[in-house]
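Fold and contact review
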Amino acid sequence: MGASLLYFHSLWTFENSNYFKDHAESDAYENLEEKTLAAFKAISSVDETILALDWQHQGYWVNPYLEFSRNEFEEWIIPIFPNGDYYFFLQQDFNWGFLGHPWEKSITIFGEELLNALTEYKPIMLQKILRQG
């Protein structure tokens, strides 16, 4: 069997450098959590889990319908905002995903289903498109 590549028709990268400067925009972080969680719920079933990854730490299977564990900073145990590490939220079959890139200061969304849901919920941080593919 040969190798196969995943190709996504819907892939958008959003630039977020303004939100790395100061935590005074805490409403924007809360908005990102709230709106993204609503989008995850809109496209997931109540018994579905999403893979949450922090590139150098423990990963988790999370259910968007259940309370997300929080760390000492009151962020999700795997934060939605890439504030120093790469953070990924991936659908089990990799049909969609939310990828945080801390050095590029961006968030990439792939999969039409998630893009449509986030377009509907409109997180404040996902306004400035860096790339589309």
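Treat the numbers as computed from the prediction; the structure is a model and nothing was measured.

1. Focus on the nonpolar core
Counting 29 residues, the largest nonpolar core has Leu32, Phe40, Phe89, Phe98, Ile109 and Leu114 as its most contacted members. Beyond its immediate sequence surroundings of up to four residues, isoleucine 109 is in contact with Ser10, Leu11, Trp12, Phe14, Gly97, Phe98, Leu114, Leu115, Leu118 and Leu126.

2. Topic: the environment of phenylalanine 81
Looking at where phenylalanine 81 falls in the secondary structure, it is placed in the loop between β3 (60-62) and β4 (87-91). Of the residues examined, phenylalanine 81 reaches a relative accessible area of 5% and is grouped as buried. When the C-alpha atoms of phenylalanine 81 and asparagine 16 are compared, they prove to be 9.4 Å apart, with 65 residues separating the residues in sequence. Sequence-distant contacts of phenylalanine 81, that is, excluding residues within four places in its chain, are made with Asn16, Tyr19, Phe20, Tyr29, Leu32, Tyr87 and Met125.

3. Here's the deal with the confidence of the model for the protein
On average, the protein scores 86 in pLDDT, and the residues at 70 or more come to 89%. Predicted confidence is poor over residues 1-8, with pLDDT under 50, and the contacts of this stretch with residues over four places away or in other chains come to 5 contacts.

4. Focus on the packing of aromatic side chains
Under the definition given, this model contains 11 aromatic pairs. Consider the rings of tyrosine 29 and phenylalanine 81, whose centres lie 5.0 Å apart with planes at 80°: the pair is edge-to-face. Placement of tyrosine 29 in helix α1 (residues 26-42) and of phenylalanine 81 in the loop between β3 and β4 is noted, with a sequence separation of 52 residues between them. Both residues of the pair, tyrosine 29 and phenylalanine 81, belong to the buried class.

5. Quick look at α1
Compared with an ideal rise of 1.5 Å per residue, which puts 17 residues at 24 Å, α1 spans 24 Å between its outermost C-alpha atoms and is within 8% of the ideal. Tucked into the core, α1 has its buried residues touching β2 (50-54), β4, β5 (97-101), β6 (106-110) and α2 (112-121).

Criteria and thresholds
Residues numbered from 1 in each chain as written. Predicted model: local features only at pLDDT ≥ 70, side-chain atom pairs only at ≥ 80, totals over all residues. Heavy atoms only, no water. Core = buried A, V, L, I, M, F, W, Y, C linked by side-chain atoms within 4.5 Å. Buried < 20%, exposed > 50% of the residue type's maximum accessible area, 1.4 Å probe, protein only. Contact = heavy atoms within 4.5 Å. Helix = DSSP H or I, 4+ residues; strand = E, 2+ residues; numbered from the N terminus. pLDDT = per-residue confidence, 0-100. Phe/Tyr/Trp six-rings, centres within 6.5 Å; stacked < 30°, edge-to-face > 60°. Expected span 1.5 Å × (residues − 1).

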